[in-house]
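# An overview of the molecular structure
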Amino acid sequence: MIARLTDSEIAAAAQELGHWQVSADRTALQRDFRFRNFSEAWAFMSRVALLAEAQDHHPEWSNVYNRVSIRLTTHDCRGLSARDLRLARDIDAIA
Ligand SMILES: C[C@H](O)[C@H](O)[C@H]1CNC2=NC(N)=NC(=O)C2=N1
């Protein structure tokens, strides 16, 4: 079982990952993306899907036309873990 982040680790993550919001219950990171059109949104999602599969860590997400909403949480610990931070950083690097 992977460890849940502590409150101070979550606070540090919120500082570092400025584009991401910590959910009110502090169990998830959320970020909304907007692209020029559906094709660009889908291309981004394809790249994130490959990252997620490589990391064996999968986003909760939705897409409407050019918008993509991503929520990162770790089901195994019912909260935030280092795996969410890693995926958030890697998503930022391709956004
Ligand atoms: C067996 C496999 O490693 C687990 O089910 C992984 C897969 N992807 C996952 N993704 C997320 N977001 N949380 C998990 O706890 C998780 N667990």
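What counts, and where the lines are drawn
- Residues numbered from 1 in each chain as written.
- Predicted model: local features only at pLDDT ≥ 70, side-chain atom pairs only at ≥ 80, totals over all residues.
- Heavy atoms only, no water.
- Helix = DSSP H or I, 4+ residues; strand = E, 2+ residues; numbered from the N terminus.
- Rg over C-alpha atoms; globule rule 2.2 N^0.38 Å.
- Buried < 20%, exposed > 50% of the residue type's maximum accessible area, 1.4 Å probe, protein only.
- Contact = heavy atoms within 4.5 Å.
- Areas by Shrake-Rupley, 256 points an atom, 1.4 Å probe, with all protein chains shown as cover.
- Near = heavy atom within 4 Å.
- Polar contact = N/O pair within 3.5 Å; in protein donor to acceptor, adjacent residues only side chain to side chain.
- Nonpolar A, V, L, I, M, F, W, Y, C, P; charged D, E, K, R; others polar.
- Pairing = 2+ DSSP bridges.
- pLDDT = per-residue confidence, 0-100.
- Core = buried A, V, L, I, M, F, W, Y, C linked by side-chain atoms within 4.5 Å.

### Section: the overall build of the chain
- Along its length, the chain carries three helices and four strands.
- Taken from the N to the C terminus, the helices and strands of the chain come in the order α-β-β-α-β-β-α.
- Taken over the C-alpha trace, the chain has a radius of gyration of 13 Å; the compact-globule value for 95 residues is 12 Å, and the two agree within 12%.
- Taken over the C-alpha atoms alone, the chain extends approximately 40 × 25 × 20 Å along its principal axes.
- Residue burial in the chain is summarised as follows: out of 95 residues, 37% are buried.
- Restricting to contacts in the chain with at least 6 residues of sequence separation, those with at least 24 account for 64%.
- Carbon and sulfur atoms make up 49% of the accessible area of the chain, which amounts to about 5,800 Å² in all.

### Some words on the site of the ligand
- Within the structure, the ligand sits among Asp-56, His-57, His-58, Thr-73, Thr-74, His-75 and Asp-76.
- Between the ligand and Thr-73, the relevant distance is 2.8 Å, taken from a nitrogen atom to a main-chain nitrogen or oxygen of the residue.
- Take Asp-76: an N or O atom from its main chain is 2.8 Å from an oxygen atom of the ligand.
- Its free accessible area being 390 Å², the ligand has 67% of it covered by the protein chains.
- Residues of the shell around the ligand, tallied by class, amount to no nonpolar, five polar and two charged.

### Details of the sheet that holds strand S2 (residues 29–34)
- Sheet architecture is open: four strands sit in the order S1-S2-S4-S3, paired in antiparallel fashion. Two strands lie at the open edges of the sheet, namely strand S1 (21–22) and strand S3 (60–64), each paired on one side alone.

### Topic: the confidence of the model for the chain
- A residue-level look at the chain finds 100% of positions with pLDDT of 70 or above and a mean pLDDT of 98.
- The complex prediction reports pTM at 0.97, with the ipTM value standing at 0.94.

### Comments concerning the environment of Asp-92
- Tracing the chain through its elements places Asp-92 in helix H3 (residues 82–94).
- Sequence spacing of Asp-92 and Ala-82 is 10 residues, and the spatial spacing of their C-alpha atoms is 15 Å.
- Look past the residues within four positions of Asp-92 in its chain and what remains in contact with it is Leu-17, Trp-20 and Arg-31.

### Structural notes on the nonpolar core
- Grouped together as the largest cluster of nonpolar side chains are 20 residues, with contacts concentrated most on Trp-20, Phe-44 and Ile-91.
- Of all the elements in the fold, those that place two or more residues in this core are helix H1 (7–16), S2, helix H2 (38–55), strand S4 (67–72) and H3.
- Excluding residues that lie within four positions of it along the chain, Phe-44 makes contacts with Phe-33, Phe-35, Val-68, Ile-70, Ile-91, Ile-94 and Ala-95.

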